[in-house]
Amino acid sequence: GAGVSQSPSNKVTEKGKDVELRCDPISGHTALYWYRQSLGQGLEFLIYFQGNSAPDKSGLPSDRFSAERTGGSVSTLTIQRTQQEDSAVYLCASSRDRGPGNTIYFGEGSWLTVV
Amino acid sequence: DAKTTQPPSMDCAEGRAANLPCNHSTISGNEYVYWYRQIHSQGPQYIIHGLKNNETNEMASLIITEDRKSSTLILPHATLRDTAVYYCIVRVASGGYNKLIFGAGTRLAVHP
């Protein structure tokens, strides 16, 4: 596709429910990143994928958070037993490769509200 | 932690050049300087990046000092739509790859 695509764009869920957020990176991009931004806060790194493997999961805030990537393309971020503090915009990004000269492009994000 | 320091806010008159400074005194020789901006809570928009040389594209110019310890993003003719938070980021090598660590950025307000 032309850019990084994320779905859903907005999600309201009840506390305790599980949610899945989807990311379609730019075609041909091998590196994929998830970030989170709470209201009025900065962007927080969550996880990085190179192909289907995740060499850096250091930003995942708890074991309720997990992510996978299949076919070297689509990625899903899953949050189990959601809590109100999980409310944030979840941003996905991708780059052609992992080197520092490869620009990282962001999607428009998935807004999650836990009520 | 972010390796950059930026002023928290700046103002600019519409039509004038906006010069946004960034200090990155601990930058390493193989680390790039990237600039992004974020309007409201939309996804960050890539602006420009550079290693050693000054760079220019259709959006902006990036001036990097010779010692690479600081840089300036220049928007040559600011418009109201350039009002946003601008992030200066040093691409940090970690575990064999390079991720973006965002700081607080500079909130640029362009006024009529």
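Going by the structure above, here's the rest.
Residues numbered from 1 in each chain as written. Chains lettered and ligands numbered in written order. Predicted model: local features only at pLDDT ≥ 70, side-chain atom pairs only at ≥ 80, totals over all residues. Heavy atoms only, no water.

The subject of this paragraph is the sheet that holds strand 6 (residues 61-64) of chain B. All names here are of chain B. Spatial strand order, 2-7-6-5: 4 strands in an open sheet with antiparallel pairing. If you trace the sheet from one side to the other, it starts and ends with strand 2 (18-23) and strand 5 (55-56), each paired once. Relative to strand 6, strand 5 runs antiparallel, the two being bridged by 2 bridges. Residue pairing across strands places Thr56 opposite Ser61, the latter belonging to strand 6. (Pairing = 2+ DSSP bridges. Helix = DSSP H or I, 4+ residues; strand = E, 2+ residues; numbered from the N terminus.)

Time to look at the environment of A:Ser58. Following the sequence through the fold, A:Ser58 ends up in the loop between strand 6 (53-56) and strand 7 (65-69). Exposure remark for A:Ser58: the relative accessible area of 56% places this residue in the exposed category. Each C-alpha atom of the pair A:Ser58 and A:Phe45 lies 8.3 Å from the other, and the pair is 13 residues apart in sequence. Contact partners of A:Ser58, with chain neighbours within four places excluded, come to A:Phe45, A:Leu46 and B:Lys99. One polar contact links A:Ser58 to A:Asp56, side chain to side chain, over a distance of 2.6 Å. (Buried < 20%, exposed > 50% of the residue type's maximum accessible area, 1.4 Å probe, protein only. Contact = heavy atoms within 4.5 Å. Polar contact = N/O pair within 3.5 Å; in protein donor to acceptor, adjacent residues only side chain to side chain.)

In this section: the interface of chain A and chain B. Interface size is often expressed as the accessible area that is lost when the parts come together. With 22 residues of chain A in contact, the opposing surface of chain B contributes 20 residues. For the pairing of chain A and chain B, the buried interface totals around 1800 Å² over both sides, and the portion due to carbon and sulfur atoms is 54%. The interface formed by chain A and chain B includes 1 salt bridge. The partner of A:Asp56 in a salt bridge is B:Lys99, and the shortest N-O contact between them spans 3.3 Å. In this assembly, chain A and chain B are joined by 11 residue pairs in polar contact (both at pLDDT 80 or more). Of all the secondary-structure elements, those providing two or more residues to the side of chain A that touches chain B are strand 4 (31-37), strand 5 (43-50), strand 9 (88-95) and strand 10 (105-106) of chain A. Classifying every residue of the side of chain A that touches chain B gives 11 nonpolar, 8 polar and 3 charged. (Buried area = accessible area lost by both parts, 1.4 Å probe. Salt bridge = Lys/Arg side-chain N within 4 Å of Asp/Glu carboxyl O. Nonpolar A, V, L, I, M, F, W, Y, C, P; charged D, E, K, R; others polar.)

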